[in-house]
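Survey of secondary and tertiary structure
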Amino acid sequence: MHAAYLDRMGRGDGSCPDDPRNLTDTHVNGCTGADGTFYMGVAEFIDQPGLRSLTGDALFRDPDGAELELGAGIVLSWTDTLQELVMMGSVRDEARGGWLKAGSSFILRGQASGGVIQASGGVGLGEEALDLRELTVAGGCVDGGLALRGPDLRWYEVELTCGCGPLSFEGRALGESCPDLSALTSALDVAFGPLPELP
Amino acid sequence: MTLLLLACASAPEDSAPSLEALAPPRLLRRLSLDLRGRFPSVEELDAVEADPSVLEDYRLAWLAGPELEDQLVLRLAERWYTRVDRFDIEAADYGLYDTYGFARSVGEEPLRLLARVATSDASWDEVVTADHSLADERLAGIWPLDREPGEGWTVARYTDGRPHAGVLTSNGLWWRYTTDISNMNRRRVAAVERLLVCHEVLDRPVSFEGRDVSASVEDAVHDDPACVACHSSLDPAAASLFGFWTVVDYSAIEAGHYHPERERLGEDYLEVEAAWHGQPISGLEDLGQAVAADPRFGPCAVRTFAELSWRRPVDPLGDAARLAQLLEAFEAGDRRVQVLLEALTATPEYRSAERLEPLPPDLLASAWGDLTGFEWTLANVPLMDEDPLGLRVLAGGVDGERSTSPQREPGLTRTLVLEQLAERSATHAMDQGAELDLERLYWRLIAERPEVSDVDPYRLVLESLSTGETADEAQAATLAAMLRDPLAVTW
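Residues numbered from 1 in each chain as written. Chains lettered and ligands numbered in written order. Predicted model: local features only at pLDDT ≥ 70, side-chain atom pairs only at ≥ 80, totals over all residues. Heavy atoms only, no water.

Digging into the overall build of chain A
Selection criterion: For the purposes of this entry, the term helix denotes a DSSP run of H or I that reaches at least four residues, the term strand denotes a run of E that reaches at least two, and both are numbered from the N terminus. Note on exposure labels: buried denotes an accessible area under 20% of the residue type's maximum, exposed denotes more than 50%, and partly exposed covers the range between, all computed with a 1.4 Å probe on protein chains only. Residue contacts are counted whenever heavy atoms from the two residues lie within 4.5 Å of one another. To be clear on the numbers: accessible area is Shrake-Rupley with a 1.4 Å probe, and residue cover counts the displayed protein chains and nothing else. All tallies of charge rest on Lys and Arg as positive and Asp and Glu as negative; His and the ends of each chain are not included. The atoms used to mark charge sites are NZ of Lys, CZ of Arg, CG of Asp and CD of Glu.
Scanning chain A from terminus to terminus reveals three helices and 12 strands. With respect to the principal axes defined by its C-alpha atoms, chain A has extents near 60 × 40 × 25 Å. The burial tally for chain A puts 45% of its 199 residues in the buried class. Long-range pairs, those at least 24 residues apart, make up 31% of the contacts in chain A with a sequence separation of at least 6. In the form shown here, chain A has an accessible surface area of approximately 9400 Å², with 54% of it arising from carbon and sulfur atoms. Chain A carries 13 positive and 30 negative side-chain charges, and their two centres are separated by 4 Å.

Structural notes on the interface of chain A and chain B
For clarity, the threshold we go by: When two parts are put together, the accessible area they lose, computed with a 1.4 Å probe and summed over both, is reported as buried area. The term salt bridge refers to a side-chain nitrogen of Lys or Arg lying within 4 Å of a carboxyl oxygen of Asp or Glu. Gly falls in the polar group here, along with every residue not listed as nonpolar (Ala, Val, Leu, Ile, Met, Phe, Trp, Tyr, Cys, Pro) or charged (Asp, Glu, Lys, Arg).
On the chain B side, the residues contacting the 32 residues of chain A number 26 residues. When the two sides are added together, the surface that chain A and chain B hide from each other amounts to roughly 2100 Å², 51% of it contributed by carbon and sulfur. For the interface between chain A and chain B, the tally reads five salt bridges. For arginine 264 of chain B, the salt bridge goes to aspartate 131 of chain A, with nearest N and O atoms at 2.6 Å. Secondary structure elements with two or more residues in the side of chain A that touches chain B: strand E3 (51-61), strand E4 (67-78), strand E5 (83-93), strand E6 (104-113), strand E7 (116-125), strand E8 (128-138), strand E9 (141-149) and strand E10 (155-160) of chain A. Among the residues making up the side of chain A that touches chain B, the classes are represented as 14 nonpolar, seven polar and 11 charged.

A look at the domain arrangement of chain A
Using the following cut-off: For each domain, the first and last residues come from an automatic or database assignment.
As far as domains go, chain A holds domain 1 (1-78) and domain 2 (103-194). When each unit is reduced to the centre of its C-alpha atoms, the spacing between domain 1 of chain A and domain 2 of chain A is 31 Å.

Some thoughts on the pattern of salt bridges
Residues and elements named next belong to chain B. Across all of its chains, the model carries 62 salt bridges over all chains by this definition. Notably, a salt bridge pairs arginine 402 with aspartate 387, separated by 3.9 Å at the nearest N-O pair. Residue arginine 402 is located in the loop between strand E7 (381-382) and helix H20 (412-431), and its partner aspartate 387 is located in the loop between E7 and H20; the two are separated by 15 residues in the primary sequence.

Overview of helix H10 (residues 186-196) of chain B
All names here are of chain B. The element H10 is extensively covered by neighbouring structure, given that nine of its 11 residues are classed as buried. Those residues of H10 lying buried are Arg186, Arg188, Val189, Ala191, Val192, Glu193, Arg194, Leu195 and Leu196. Taken from the residues just after H10, cysteine 198 is the one with a positive phi, measuring 55 degrees.

So, the state of the cysteines
Residues and elements named next belong to chain B. In plain terms, the rule: Any pair of cysteine sulfurs within 2.5 Å is marked as a disulfide.
This model, assessed by the stated rule, comprises four disulfides over all chains. Here the bonded cysteines of chain A are numbered in sequence order, and their pairing is 1-2, 3-4, 5-6. As a non-bridged cysteine, cysteine 227 has cysteine 230 as the owner of its nearest cysteine sulfur, 8.8 Å distant. Residue cysteine 227 is classed as buried on the basis of its relative accessible area of 8%. Since its relative accessible area comes to 13%, cysteine 230 is described here as buried.

Regarding the nonpolar core
Filter applied, for reference: In this description, a nonpolar core means a group of buried Ala, Val, Leu, Ile, Met, Phe, Trp, Tyr and Cys residues linked to one another through side-chain atoms lying within 4.5 Å.
Residues Trp124, Leu168, Leu196, Trp276 and Phe305 of chain B are the most contacted members of the largest nonpolar core, which totals 143 residues. It is helix H6 (residues 99-118) of chain B that provides the largest number of residues to this core, a total of nine residues. Those residues in contact with leucine 196 of chain B that sit more than four places away from it in its chain are Trp80, Val127, Val128, Leu168, Val291, Arg296, Phe297 and Cys300 of chain B. Leu76, Val91, Ile117 and Leu181 of chain A belong to the second largest nonpolar core, which has 37 residues in total.

Looking at the confidence of the model for chain B
Residues and elements named next belong to chain B. Inclusion rule: Each residue carries a pLDDT score, the predictor's own confidence in it, on a scale running from 0 to 100.
Here chain B averages 92 in pLDDT, and 96% of its residues register 70 or above. In the model, residues 1-15 has pLDDT below 50 throughout and makes seven contacts with residues more than four positions away in sequence or in other chains. In the predicted complex, the global pTM is 0.93; the interface-specific ipTM is 0.93.

So, the pairing of strand E2 (residues 38-48) of chain A
Residues and elements named next belong to chain A. To be explicit about the condition: Being paired, for any two strands, means DSSP has found at least two bridges between them.
Pairing analysis gives two bridges linking strand E1 (residues 31-32) to E2, with the strands arranged antiparallel. Its bridge partner lying in E2, cysteine 31 is registered against tyrosine 39. Counted along the chain from E1 to the antiparallel partner E2, the turn is five residues long, and its residue glycine 36 has a positive phi close to 95 degrees. Hairpin connection of E2 to E3: two residues between the antiparallel strands, including glycine 50 at a positive phi of 90 degrees.

Structural data, given as structure tokens:
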């Protein structure tokens, strides 16, 4: 998301927007850059040792009409021994594929330290949504609470011990479950992996 | 007191105080304004005068007519307060420039569903259980909606994973009733209580005397008896609304979309399990079902439409017998509002000649507009229907924020606005070549055959002005005066 934002900002002409990294309140009512990209709203990007953060309420429209919409704060911070991630809000990038194109919203906090990743909160991808309750990934095992919103728009919960655990629906036990967590653990690995290069 | 209530509830119909009934043409006028937003035609008035029994044919036809939906939207707005002029998210946030049109589209979303259900064969329960909303072209262009083709308001379904619960899943409702980090959807539940089960949470007799809950409000809402009096029912319902919880204020993408991943936050933040008045629920869809099953839901619908039809608050004791009859008819009619409106417009209370409520500004604008062809606009904004540019509140209307009930008494600003509207309407009519026939106009406006003494004052105005003004100016001034006749600007 940081890269998608900076890509749009990098197309500016010096006056629209008037800053290559921050969309200042000068543009709260919108402006169109020399290449036809439209910018509207406010956003702030910070990249400094120990902190990379993007916060804002902004809309970008590419010359071909594709929109990037941001109403979120995405904050990565780190020390030598601890990484923290906070994602709050919604994003949509029609120029990208997958979940970013359809739009996503989240209210998620996580941290990684010594090879252990722990996350709590929710991620929504259209009708689908996940809710993590102190979910912990360590040593190839996933432990903690995980809830998945089903096609019936209701929540199914599983309390995991190394990837498996009792599944329940509105308090009723549905048996043991070992859900496929590969996509989730991959996403967490990426989120807490090396910082991506910025454009 | 209990005996008194029982006595009232079982009172026979004819025990209600006798009300002088409107003459059939005047009743036709009232029905036409309410159900169509305009005065009856001279031909319609003549027909009813000649044979009062045809009034029933008109009434039933207009109750089934296409204009009723628009009228119900305007009347329900006086109670739902969603036709406000400004929301936290503005037209410009979507790159739109018609701020008036944007506000009306957003604010009318819940009202359109209410009115569509009310004018269809569907049960009123649909307003909280329907699997769809309604959207116009503007909303379909900005929100995640799959809208059926057609002009204007058509059935639309959100594609962002929100549950099905009628108006309870409409952006328009929750954009009007916002919340924040400390309120946590409780204000929204209070609105649901007021609008759908006719319970004013803030009217509960709670005393905080001698209590200091400032140290820990979070704890107090769970264990201080004064707080629990309201929070025990507010908080569990509020927990079901967190899919509409936003974490970035004033953000169009945040406020325009439902957030399924936040649904479960409510029980964490509020430390309660979701419920509606003690009945456990699992999410928003259950909330809609629970509201529809609430024993207050049906009576509240009856009360709502009675107040909008009678143009006065109901009297819990004095109207109890009538409301009980109406409720019986409503329930027997499978909670169809068509049945209720048919019953309501037949009540002595509706047909009473004893109340002359001022016509609301939207109705004056539409009725005078139909009569004279005049639309009072500025920058394409109808001035009688909004406030930043217009005069809605000054004319006695409801904007849903500063003014929450229609003006029921004459007032200075209303008088000045009506004077301006009448003069402009009359001038426009004369410019279009209208001819002034005082008797015919009086009949059309007021629905009473004028006595000489009724029309003579206007004839005197016309004659006195004719000496110094052009004929058109004199006629316009006379028409403007008659438009503002006290009997013409009241219900």
